[in-house]
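Remarks on the overall topology
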Amino acid sequence: MEAALYGLSGRTTLGPTVLTIGRAPDNQLVINDSQVSGHHAEIRPEGQGYCILDLGSTNHTFINEYQLISNTARSLNHGDRIRFGKNVVYTYEADGVIQLTQTARVDPTVHSYPTELYNPPAVLSNQVQGREHLPLSQPQKQGKQQGQANHQHSRSKKPGTTNVQVRVARISAISAIVIAVITAILAPVIIGRFTNGGPTSTLSPIPSIPRLHNSYTGFRTVVRTSLDPGHYTSTIPITFSSIIEDDQGQIQSANMVLANARYICQGSVNTSRNLVLSCTKVVDKYFHVLVNGHGSQDSSQLSGTLSDSDPQYPSFYQDSTWSAQG
């Protein structure tokens, strides 16, 4: 069988050996185009015909505008349109042997051009295939006529509407039930809204809890009766300042001064106005004081206790209480 490629460079005859195609000068078919790789593809003999193989080219090889999978052979058929890269197109023609069209082994997810550009080869006539056109026999005619009659009968049948009507009825019933349930739930609310003060009346808003003030001033008092030689009382000033509280009740930062010692504090205050602060001494970061307190409803007053987290001074703040005014 004689086969050849036809393109801008003319006719390239295919022989019994591999035809290498690419931009490099050592190829048998040299294509001087920037979109063609140095060693782009190969056409190899295959049985009574030929196959083409893309060698992992940058801009790919296409058969009838379908991209070939790299390093996967695809049989060529008479009239196939081969595109190398984006611009160079050749046509494969085979003389003497008629090849049956095979399904291209291509990547179905990649299409470089619209499929409308693909023009498949014309269907071969019976004479080209070597067979004369024979008239249908009487049984064949009867079978063909019976098939046409069945086709016309199936087209003339109208689809039934019974299932559609049943679906519509079911949907209507379900919709009615849903509307009834929603009405039963919302009716008391709507009636109560209009009977208790009219449509413009609204529920009383929940009173918001005031945030802590920016600063508080007070005293810490220690009263001890168990120490020898007897009753002991100590009072020193305590102040809180630069208190920053967010919407979740987290105390981002606060300053505490106890006597002359300064502390940096962080903690939280909950909706019951219970305050917890962990304070670190400025001059000694290993000295910590735990502040427990409670605020008034208007956050104007704070009071509570102190405890020392340092194991060297387990009773330093024993029996101590504090209170401060904002």
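Attention here is on the structure that accompanies the text. (Residues numbered from 1 in each chain as written. Predicted model: local features only at pLDDT ≥ 70, side-chain atom pairs only at ≥ 80, totals over all residues. Heavy atoms only, no water.)

1. Here's the deal with the packing of aromatic side chains
Applying the stated rule across the entire model yields two aromatic pairs. Pairing phenylalanine 84 with tyrosine 90 gives two aromatic rings, centres 6.1 Å apart and planes at 65 degrees, and the pair type is edge-to-face. Its relative accessible area of 0% is what places phenylalanine 84 among the buried residues. According to the relative accessible area criterion, tyrosine 90 is buried, its value standing at 4%. For the ring pair phenylalanine 240 and tryptophan 322, a centre distance of 5.2 Å and an interplane angle of 50 degrees mean the geometry is tilted. Here phenylalanine 240 is found in strand S13 (residues 232–245), whereas its partner tryptophan 322 is found in strand S19 (residues 320–325), with 82 residues between them in sequence. Both residues of the pair, phenylalanine 240 and tryptophan 322, count as buried. (Phe/Tyr/Trp six-rings, centres within 6.5 Å; stacked < 30°, edge-to-face > 60°. Buried < 20%, exposed > 50% of the residue type's maximum accessible area, 1.4 Å probe, protein only. Helix = DSSP H or I, 4+ residues; strand = E, 2+ residues; numbered from the N terminus.)

2. As for the sheet that holds strand S8 (residues 66–67)
Spatially, six strands are ordered S2-S1-S11-S10-S7-S8 in an open sheet, and the strand pairing comes out antiparallel. In this open sheet, the two edge strands, each paired with only one partner strand, are strand S2 (10–14) and S8. Pairing analysis gives four bridges linking strand S10 (residues 81–84) to strand S11 (residues 88–95), with the strands arranged antiparallel. Paired with arginine 81 across the strands is threonine 91, a residue of S11. (Pairing = 2+ DSSP bridges.)

Spatial relationships are all this shows, so hold off on functional conclusions.
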